[in-house]
Every structure is written in structure tokens, then in C-alpha cells.
Amino acid sequence: FSGFRSRPATRGNLGGSRRSPLLVIGGGADLIIPGSLCRAIHRNQQVESRNAEYKEFPGRSHLMIAEPGWQDVADYALTWSRTHAWA
């Protein structure tokens, strides 16, 4: 019955005050989604919510989680998520 609703179930609440925190991670050597695009996404999300942060890992490609030293990226994301988890 989603077609009969004024607000379909597939549409998210992007303007709510209780938006989940968002971490945008970019790679400095990413040719698929360059840092400039990641920064633009972050700026756009920052306008909608104050809970958006951006972290760029210099010298990392798009497959940064499969490269040597992937633990640094994973550790950063895990630490960030624990810091921003709701109680």
C-alpha cells in the first residue's frame, strides 16, 4: 500500500533532528570517487545535519580497506563509531 501513502515507506526522514551521525571516508589517491567529491558530499550532509564528519586517508585508493594498512582505516572508523554511538 506504499503507493497510497502521502509519504512512502521508501522515503527517509532527512530533515529530522535525530539523524544518525555520518562519517564520510575518502582516499587521497582515489580515482573512482575523488576527495573533492567526498568533501562535497560531506558539505551537503553538514548542512542537513551537524553530525557529519569527513576523514581523508592520504595515498589510499578506492579499495583502501583491501590495501596494506587497512587496519588504520578500520580502527579509525570503529573508534569514531564508538565515540558517536547513542547511549
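Residue positions are given per chain, counting from 1 as you read along its sequence in written order. In keeping with the predicted nature of the model, local features appear solely for residues at pLDDT of at least 70, side-chain atom pairs appear and are counted solely at 80 or more, and the whole-chain, interface and lining totals rest on all residues. Derived side-chain values reflect all non-hydrogen atoms in the structure, with water molecules and hydrogen atoms excluded from consideration.

**Some points on the overall build of the chain**
This is how the line gets drawn: A run of H or I in DSSP becomes a helix once it reaches four residues, and a run of E becomes a strand once it reaches two; helices and strands are each numbered from the N terminus. Between two residues, a contact is recorded if the distance between any of their heavy atoms is within 4.5 Å. Each accessible area value is a Shrake-Rupley result obtained with a 1.4 Å probe; residue values ignore everything except the protein chains displayed when judging cover.
Counting its regular elements, the chain contains two helices and two strands. When its helices and strands are written in sequence order, the chain yields β-α-β-α. The contacts of the chain with a sequence gap of at least 6 include a subset with a gap of at least 24, amounting to 60%. Total accessible area on the chain is roughly 6,500 Å²; 56% of this is exposed by carbon and sulfur atoms.

**A short note on the packing of aromatic side chains**
To keep things clear, this is the line we draw: Only the six-membered ring of Trp is used, alongside the rings of Phe and Tyr, when aromatic pairs are assigned; centres must lie within 6.5 Å, and planes under 30 degrees apart are stacked while those over 60 apart are edge-to-face, with the rest tilted. A ring is scored as having a charge over it whenever the NZ atom of a lysine or the CZ atom of an arginine sits within 6 Å of its centre and within 35 degrees of its normal.
The final tally for this structure, using the stated rule, is one aromatic pair. Positioned above the aromatic ring of Phe57 is the side chain of Lys55, whose terminal nitrogen or guanidinium carbon lies 5.2 Å from the ring centre. A cation over an aromatic ring shows up here: Lys55 above the ring of Tyr76, its NZ or CZ 5.1 Å from the ring centre.

**Observations concerning the pattern of salt bridges**
Note the following rule: By convention in these notes, a salt bridge is any Lys or Arg side-chain nitrogen within 4 Å of a carboxyl oxygen on Asp or Glu. Each residue is placed in one exposure class: buried if its accessible area under a 1.4 Å probe, protein chains only, is under 20% of its type's maximum, exposed if it is over 50%, and partly exposed if it falls in between.
For the structure on display, the rule yields two salt bridges. Here Glu56 and Arg39 are joined by a salt bridge, their closest N and O atoms 2.9 Å apart. Of this pair, Glu56 sits in strand E2 (residues 52-57) while Arg39 sits in helix H1 (residues 35-48), placing them 17 residues apart in sequence. Of the charged contacts, one joins Arg60 and Asp72 as a salt bridge, the two residues approaching to 3.6 Å between their closest N and O atoms. You can see Arg60 sitting in the loop between E2 and helix H2 (70-83) and its partner Asp72 sitting in helix H2, a full 12 residues away along the chain. Exposure remark for Arg60: the relative accessible area of 11% places this residue in the buried category. Using a relative accessible area of 48% as the deciding quantity, one classes Asp72 as partly exposed.

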